[in-house]
Amino acid sequence: MKLSFLKKTLLICAILLAASISLFADTTYKVEKGDTLYSISRKYQITVAELRAANNLSENDVIKVGQKLKIPTADISNAAALATDNKATTSGSATLSATKATKEYTVVKGDTMYSISKKNGMTLAEFMALNGLDSNSVIKVGQKLKIYSATGVPEPVEGQKTTSPSTSSGTTGTTAPDTRTYGTTVTADKNTVWPVKNPTVTQVKGKVGGVQLSAQVNEPVVCIREGTVMYVGVYRGFGQVLFVQSKTGVIYTYTGLGSVSVKKGDYVVYNQQLGTAGTDPISGKPGITFMVFQNGQPIDPAKAPRN
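This is a predicted model, so every value here is computed, not measured.

With that out of the way, let us pick up the packing of aromatic side chains. Under the criterion given, the structure shown has five aromatic pairs. A connected cluster of aromatic rings, assembled from ring pairs, spans W194, Y252, Y254 and F290. It is R306 that lies over the ring of W194; its NZ or CZ is 5.0 Å from the centre.

Take helix α3 (residues 48–55) next. Within α3, seven of the eight residues are buried, which leaves it mostly tucked inside the rest of the structure. Taken as a whole, α3 has its buried residues at A49, E50, L51, R52, A53, A54 and N55. On its buried face, α3 is in contact with α2 (37–44), β2 (68–71), α4 (76–83), α6 (113–119) and β9 (227–235). Just past α3, the residue N56 takes up positive phi, approximately 55°.

This part takes up unusual backbone geometry. Within the chain, Q45 stands out as a residue other than glycine whose phi angle is a positive 55°. Relative to the elements of secondary structure, Q45 occurs in the loop between α2 and α3. Q45 sits in the buried class, given a relative accessible area of 18%.

Below, the discussion takes up the side chain of N131. Note that N131 resides in helix α7 (residues 124–131). Residue N131 is classed as buried on the basis of its relative accessible area, which comes to 18%. At 3.0 Å, the side chain of N131 forms a polar contact with the backbone oxygen of F127. Not counting residues up to four positions away in its chain, the partners in contact with N131 are L145 and K146.

What follows is about the pairing of β2. Only one face of β2 is covered, namely the face carrying L69 and I71; the face carrying K68 and K70 is uncovered. Where strand β1 (residues 27–30) and β2 come together, four bridges link them in antiparallel fashion. Pairing of T27 across the sheet is with I71, part of β2.

At a minimum axis distance of 9 Å, the contact between α4 and α7 shows a crossing angle of 25°. Classified by the interaxial angle, the pair formed by α4 and α7 is roughly parallel. Side by side, α4 and α7 meet where N78, A81 and L82 of the first sit next to L124, A125 and M128 of the second. Residue classes in the contact of α4 with α7 are distributed as five nonpolar, one polar and no charged.

The rules we used
- Residues numbered from 1 in each chain as written.
- Predicted model: local features only at pLDDT ≥ 70, side-chain atom pairs only at ≥ 80, totals over all residues.
- Heavy atoms only, no water.
- Phe/Tyr/Trp six-rings, centres within 6.5 Å; stacked < 30°, edge-to-face > 60°.
- Lys NZ or Arg CZ within 6 Å of the ring centre and 35° of its normal.
- Buried < 20%, exposed > 50% of the residue type's maximum accessible area, 1.4 Å probe, protein only.
- Helix = DSSP H or I, 4+ residues; strand = E, 2+ residues; numbered from the N terminus.
- Contact = heavy atoms within 4.5 Å.
- Polar contact = N/O pair within 3.5 Å; in protein donor to acceptor, adjacent residues only side chain to side chain.
- Pairing = 2+ DSSP bridges.
- Axes fitted to C-alpha atoms, helices over the stretch in contact; angles between N-to-C directions.
- Parallel < 35°, antiparallel > 145°, perpendicular 65-115°, else oblique.
- Nonpolar A, V, L, I, M, F, W, Y, C, P; charged D, E, K, R; others polar.

Structural data, given as structure tokens:
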């Protein structure tokens, strides 16, 4: 009797685990009645822009019942690149592109910006910058585009951090295992402004780089560089996330928030409250993870411009 109960319990756990894996891995989704790109993006905890880019859809495209959509693996650096308003300065990408030899690529049926960049060893941000594309771009069969002639991910711009290919996860809103790789805990420079007061600063490595900042329970999280709110929502592995783009195109990413007090499209100023600190489900301690991206590439948050 006990053995039978144990087998049933293990079977249920296995089914739940399989369902969880299928929900959060690369997959194909069949559109159902009532679905929108927004509702699908919320189900998989990614951005609408990522969905469009992965399926070569424009802002005006309408999805239909029965249509199959590719659900890309969540990558917050891709989300940041696609959230960027390309009217802002993109000199960093231009510098990067100029240092690499390129060749011509002809778009074939089934290609998307995601698939082309991935199979040619480029980040999505690099591919977009090299070809003057943005989150609203739709590529066409036969179109000529540029890719790097050498395989592998190109060298980062001087001063940018290099990250390992492991997966980053584990802030408010997820119960996934904490796969972040932590570096050293450093003493915060008293002259460095952070989104929370007097934090313990721990370097976070992995697929993207950033810092873990300790905080008080429900402590206000403030803006450290004025700009436009480009995205607000739950992002897979990072809980409640907020992207703020400065006038120079740099994306300041506040993740693991307990609450958010601004909305997409708002212009926020220095020291304005953006929300409150959440609680990390792995450590059980309050805090946020803070990252900064320039042209889709992570840069050292301690060296990012402040107001």
